[in-house]
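Structure assessment
This is what each chain is made of:
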Protein chains: 2
Amino acid sequence: MKTVTMADVAKEAGVSKSTVSQFLNERYEYMGEETKEKIKRAIEQLGYRPNYVARSLKQKRTYMMGIIVANIMHRVSTEISRAIEDYCHEHDMHAIVCNADDDPHKEKKYIEMLRARQVDGLIIFPTGGNTKLYTEMEQERYPVVFVDRKIEGVHIDTVVVNNREATCEAVSHLLENGHRNIAIVTPPLTTHPRKERLAGYKQALEQHGIALNENYMKSVEISAISYELENMFSLSEKPTALVAANDLSFFEVMSFIKRKQIRIPEELAVIVFDNIPFADISTPTITTIAQPAYEIGKRASELLTRQIKQEAIESELYTFPCELIIRESSAGRP
Amino acid sequence: MKTVTMADVAKEAGVSKSTVSQFLNERYEYMGEETKEKIKRAIEQLGYRPNYVARSLKQKRTYMMGIIVANIMHRVSTEISRAIEDYCHEHDMHAIVCNADDDPHKEKKYIEMLRARQVDGLIIFPTGGNTKLYTEMEQERYPVVFVDRKIEGVHIDTVVVNNREATCEAVSHLLENGHRNIAIVTPPLTTHPRKERLAGYKQALEQHGIALNENYMKSVEISAISYELENMFSLSEKPTALVAANDLSFFEVMSFIKRKQIRIPEELAVIVFDNIPFADISTPTITTIAQPAYEIGKRASELLTRQIKQEAIESELYTFPCELIIRESSAGRP
DNA sequence: TTGTAAGCGTTATCAG
DNA sequence: CTGATAACGCTTACAA
């Protein structure tokens, strides 16, 4: 299977390579009708297929963007990635998705890899562990957009959600239902959103004049959640409501609840921060703080595109609001 | 930001381009220690970053594979894609994922697009609507692996699961629990796996000498499922068990069940064909026919790699077994 | 052990 | 309106 190139097409059609190139790029303003016809025929005849690698080399543009996700296990990451991919496909681009697995070394490797592949820009859910690299890209003015997590001290377009306010709203909802013993489970406080969610929780309690109780606030690895819940539910004063700060924590919580046969929402009201695909159809349905994944992905893509086109002036921070969707799981009263 | 090329590095290090190239490709068998040092320093100094596009053009290999998924909304598709991506990253490759959205035109567009980008091969969840294109690739010996769906008359490596047997096993399980009125809901019978799943259902009933009942067998678009269920559950003899032939149908079924307040498994036993992420933690837990997504993805990747390396002799068909995971939702007895 | 030079398949810049 | 010709940045024989 010899590959057929533009030169072959040119020869077959009896024109020059440049004319064929013009034709392919639809720049036929000054092109004779019959020339067009000849070229079109030659292309069909030979089964010519353009080589975008060659084109990219010349144009210094690959029409690809890279997406580096901190941890693909979070549902919302895949939703945002999908939104970005949709945007790409609508704009004749492609996306390459990489999973950094919460590991800064992997993240670094992928950034380098994707840049070596000459992707036009990068959308990163940053691990936070590569400040130097981030700054380098900022200074080179290489197109980058951060998503989900804000990184201090780096001036790069960033799209996040109002973690604090949304959590505060959710906890207030529980307070208004009469709950006073409200627990929160988060992963370790290694990222900005997690800190903000916890801060939102505290803020709500303070606003209602409720004292914080360390026993109800656990920020631990997923694998340790079940242990902490054991302790929490052995307290003389058990929590009557619980907020899971993300989907993975929620799964742990649910499996604990199931094992202990705790009834939701009668014995425990539950709210999750994150989009849960079955929130609507499970029994009970689950109250969630929903992130607008589609909008986030779209905005990130637009920002990146703007940078690629060199239309960006200054880096900006976009904060999307989350939506508290009240369902059955938070309906309990203490 | 002028891009720094190999030539710059060569000049800085006082050697030739080819020596730098050797160095980068770790072919330093005959390279002087000090030459190495000089080059390494020059690279750091200049912040040189290799350009894989140029390399690809020369080598006629991009170290990328394309994945074209018939419909990304199916959980199992994303699981398999992820497994393929994992394999890629372990083997210094990258994957580009495209969603054909069950549309043969889109599929065609993506196949052409990805080939223009010179991906080394394609893993396709075929829509089935591009036989001509499939055959073309077969004849060109372009590396392709089909996943999930077998296409008749095309000789291409294919990885599928034992749809018929697995469904038969699941239905037999219901029969053994005493059910006689077993319904099945599938999407329209436009693909091989769907036909096979229905066939497995029929086979089980026949083996138990139960007559087929058209009222219990519905193969319709997702949007029409709810309507069909209305009818089905208005029958004088309602089904006591139901099999959802994939995850999307299942969601419809669940939302119907929830609306009608049908109790699972007491009033209706339910089994789903497909991996459902919350099967384990929902109430009740859900009996599933689980596809080995990881193995499927891995095998597909291996087959493709073999083809890319030109080690493949003949196209093969791999059929992986599914696992019936019995949980609470199928525990009911009529 | 290292250098030279010829591509890889396009596009871009000028002439004509 | 079309055609030469020179890049794009790298790899790879082959020479030295």
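It should be emphasised that the depicted structure is a prediction, and the values quoted were computed from it without experimental measurement.

Concerning the domain arrangement of chain A
Many descriptions give the size of an interface as the accessible area lost when the pieces come together. Here chain A is partitioned into domain 1 (6-50), domain 2 (62-161 + 293-321) and domain 3 (163-290 + 324-330). On a C-alpha basis, the centres of domain 1 of chain A and domain 3 of chain A stand 64 Å from each other.

Describing unusual backbone geometry
Omega for the peptide link from T283 of chain A to P284 of chain A comes to -5°, which places this bond in the cis form. A positive phi is found at R141 of chain A, a non-glycine position, where the angle reads about 60°. For R141 of chain A, the location among the structural elements is in the loop between α7 (131-140) and β4 (144-147). With relative accessibility at 62%, the residue R141 of chain A sits in the exposed group. One non-glycine residue, Y63 of chain B, adopts positive backbone phi at about 60°.

Remarks on the state of the cysteines
Working definition of a disulfide: a covalent bond connecting the sulfur atoms of two cysteines. If you walk through the whole model with that rule in mind, you get zero disulfides over all chains. There is no disulfide at C88 of chain A, and the cysteine sulfur nearest it, in C98 of chain B, is 10.0 Å away.

Things to note about the environment of K11 of chain A
Mapping K11 of chain A onto the fold places it in helix α1 (residues 6-13). Between the alpha carbons of K11 of chain A and I286 of chain A there is a distance of 66 Å; along the sequence they are 275 residues apart.

Remarks on the interface of chain A and chain B
Counting residues at the interface gives 47 residues for chain A and 47 residues for chain B. For the pair chain A and chain B, the two sides together bury roughly 4200 Å², of which 61% comes from carbon and sulfur. The interface formed by chain A and chain B contains four salt bridges. Its salt-bridge partner being E328 of chain A, residue K258 of chain B comes within 3.9 Å of it at the nearest N-O pair. For the pair chain A and chain B, the interface holds 14 residue pairs in polar contact (both at pLDDT 80 or more). Tallied by class, the residues present in the side of chain A that touches chain B amount to 22 nonpolar, 13 polar and 12 charged.

Focus on the pairing of strand β5 (residues 157-161) of chain B
Of all five residues in β5 of chain B, five are buried; the element is thus mostly enclosed. The alternating pattern of β5 of chain B places D157, V159 and V161 of chain B and T158 and V160 of chain B on opposite faces, both of which are buried.

Some details on the relation of the copies chain A and chain B
The two copies are related by a screw motion: chain A maps onto chain B through a turn of 180° and a shift of 0.0 Å along the axis, at an RMSD of 0.1 Å. The operation mapping one copy onto its partner corresponds to a two-fold rotation axis. For chain A, the minimum C-alpha distance to the rotation axis belongs to I96 of chain A and amounts to 2.6 Å. Most of the interface of chain A is mirrored in chain B: 100% of its interface residues are interface residues there too.

A short note on the pattern of salt bridges
Applying the stated criterion across every chain yields a total of 37 salt bridges over all chains. A salt bridge links E140 of chain A to R115 of chain A; its shortest N-O distance comes to 2.9 Å. Linking E140 of chain A in helix α7 with R115 of chain A in helix α6 (residues 104-116), this pair joins segments that are 25 residues apart in sequence. With respect to class, E140 of chain A is no different from R115 of chain A; both count as buried. In this structure, a network of salt bridges that share partners links the residues R49 of chain A together with R115 and E140 of chain B.

A look at the sheet that holds strand β6 (residues 182-186) of chain A
Adjacent strands of a sheet pair through backbone hydrogen bonds, lying either parallel or antiparallel. All names here are of chain A. The six strands are arranged β7-β6-β8-β9-β10-β12 in an open sheet whose pairing can be described as mixed. Pairing within the sheet leaves two strands with one partner each, and these edge strands are β7 (217-219) and β12 (323-325). With direction set aside, neighbouring strand axes in the sheet form an average angle of 15°. Of the strands in this sheet, β6, β8 (241-244) and β9 (269-273) touch helix α11 (residues 247-260), which is tilted by about 155° from β9.

Topic: the packing of aromatic side chains
Inspection of every chain in the model, using the stated rule, returns eight aromatic pairs over all chains. Look at F233 of chain A and F256 of chain A: their rings are 5.5 Å apart centre to centre, the planes differ by 45°, and that puts the pair in the tilted class. On the criterion of sequence distance, the pair formed by F233 of chain A in the loop between α10 (222-232) and β8 and F256 of chain A in helix α11 is long-range, its members being 23 residues apart. With respect to burial, F233 of chain A and F256 of chain A carry one shared label: buried. Ring centres of F251 of chain B and F278 of chain B lie 6.5 Å apart, and the angle between their planes is 15°; on these two criteria the pair is classed as stacked. Of this pair, F251 of chain B sits in helix α11 (residues 247-260) while F278 of chain B sits in the loop between β9 (269-273) and β10 (287-290), and the two are 27 residues apart along the sequence.

A few points about the side chain of T35 of chain A
All names here are of chain A. Topologically, T35 is positioned in helix α3 (residues 33-46). For T35, a relative accessible area of 18% puts it in the buried group. For T35, the residues in contact, after removing those within four places along its chain, are V15 and T19.

Cut-offs and rules
Residues numbered from 1 in each chain as written. Chains lettered and ligands numbered in written order. Predicted model: local features only at pLDDT ≥ 70, side-chain atom pairs only at ≥ 80, totals over all residues. Heavy atoms only, no water. Domains from an automatic or database assignment. Helix = DSSP H or I, 4+ residues; strand = E, 2+ residues; numbered from the N terminus. Buried < 20%, exposed > 50% of the residue type's maximum accessible area, 1.4 Å probe, protein only. Disulfide = S-S within 2.5 Å. Contact = heavy atoms within 4.5 Å. Buried area = accessible area lost by both parts, 1.4 Å probe. Salt bridge = Lys/Arg side-chain N within 4 Å of Asp/Glu carboxyl O. Polar contact = N/O pair within 3.5 Å; in protein donor to acceptor, adjacent residues only side chain to side chain. Nonpolar A, V, L, I, M, F, W, Y, C, P; charged D, E, K, R; others polar. Least-squares fit on C-alpha atoms with pLDDT ≥ 70 in both. Pairing = 2+ DSSP bridges. Axes fitted to C-alpha atoms, helices over the stretch in contact; angles between N-to-C directions. Phe/Tyr/Trp six-rings, centres within 6.5 Å; stacked < 30°, edge-to-face > 60°.

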